[in-house]
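Residues per chain, in single letters:
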Amino acid sequence: MFERFTDPARRVVVLAQEEARRRGDDEIGSEHLLLGVCRAGDTHGAALLAARGVTLREVEDDLRAPEVPDRDALASVGIDLDEVRDRVEEAFGPGALENTRAAGMRRRRPWGHIPFDRGAKKVLELALREAIRRGDRTIGTEHVLLGMLHRDTGRAATVLHARGVTLAGMRAALDDDAPGAAHG
């Protein structure tokens, strides 16, 4: 499938891997692909996002938002984080939660392959399907972006949908462009 990717779309995948590595993530997720599209510069996918006011800075800010409810939200449903920590340390020893993802520590992969998670794989598969659906011979950054907008593709869809970017809207924007032209 990657042989059908345009050079800019390949660059998005490389940037996604670099982003995952920089963040210390064990897998490349759809959010890394989204950051790759934003970082790739002058590409069709980045231009489509920019036209909707979605910038790299906003995506980074959205991705920094905690996925886990904060201390106050947990307390409101009767969960005391200090008590949880005490019980874990009682069962597993002092410092049992240190150097874990829960403590904000992540294992770094300074080199080597980082696998795609299920959502990112789905994004890339859907990018191919979107290119075929549009009658395009290659897979560009715009197709990767369309792939992210499908359901169950991970955090990228959540971030984009929260910013009002939808699959139908993005398809319409592409239909308004020159027909059959894969831009990159």
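Please refer to the structure placed before this passage.
These notes cover the structure that comes with them. (Residues numbered from 1 in each chain as written. Predicted model: local features only at pLDDT ≥ 70, side-chain atom pairs only at ≥ 80, totals over all residues. Heavy atoms only, no water.)

Where charged atoms of side chains with opposite charge meet at close range, the side chains can pair. Within this structure, the stated rule accounts for 14 salt bridges. For Glu 19, the salt bridge goes to Arg 23, with nearest N and O atoms at 3.1 Å. Remark: Arg 23 and Glu 19 occur in helix α1 (residues 7-23); sequence separation between them is 4 residues, near one turn of the helix. Here Glu 19 falls in the buried class, since its relative accessible area comes to 3%. Look at Arg 23 and you get partly exposed, because its relative accessible area is 23%. (Salt bridge = Lys/Arg side-chain N within 4 Å of Asp/Glu carboxyl O. Helix = DSSP H or I, 4+ residues; strand = E, 2+ residues; numbered from the N terminus. Buried < 20%, exposed > 50% of the residue type's maximum accessible area, 1.4 Å probe, protein only.)

So, about the nonpolar core. Judged by nonpolar contacts, the single largest core of 40 residues is most densely connected at Leu 33, Leu 34, Leu 49, Met 148 and Leu 160. Secondary structure elements with two or more residues in this core: α1, α2 (30-39), α3 (44-51), α4 (56-64), α7 (118-134), α8 (141-148), α9 (155-162) and α10 (167-176). For this core, the leading source of residues is α1, giving 6 residues. (Core = buried A, V, L, I, M, F, W, Y, C linked by side-chain atoms within 4.5 Å.)

Turning to α8, a few remarks are in order. For α8, a buried count of 8 out of 8 residues is recorded, marking the element as mostly surrounded by other parts of the structure. Of the surrounding elements, those touching the buried residues of α8 are α1, α2, α3, α7, α9 and α10. (Contact = heavy atoms within 4.5 Å.)

Before going further, it helps to spend a moment on the packing of α2 against α3. The contact between α2 and α3 brings their axes to 7 Å, and the two run at 90°. Classified by the angle between their axes, α2 and α3 sit roughly perpendicular to one another. Residues Leu 34, Val 37 and Cys 38 of α2 form the contact with α3, whose participating residues are Gly 45, Ala 46 and Leu 49. (Axes fitted to C-alpha atoms, helices over the stretch in contact; angles between N-to-C directions. Parallel < 35°, antiparallel > 145°, perpendicular 65-115°, else oblique.)

The next subject is a nonpolar patch on the surface. On the surface, a nonpolar cluster with roughly 250 Å² of combined accessible area is contributed by Val 77, Ile 79 and Val 84. Within the fold, Val 77 resides in the loop between α5 (71-76) and α6 (81-92). Val 77 gets classed as exposed once you look at its relative accessible area, which sits at 62%. (Patch = residues over 30% accessible without salt bridge, like charges linked within 9 Å, V, L, I, M, F, W, Y side chains within 5 Å. Areas by Shrake-Rupley, 256 points an atom, 1.4 Å probe, with all protein chains shown as cover.)

None of this, on its own, says anything about what the molecule does.
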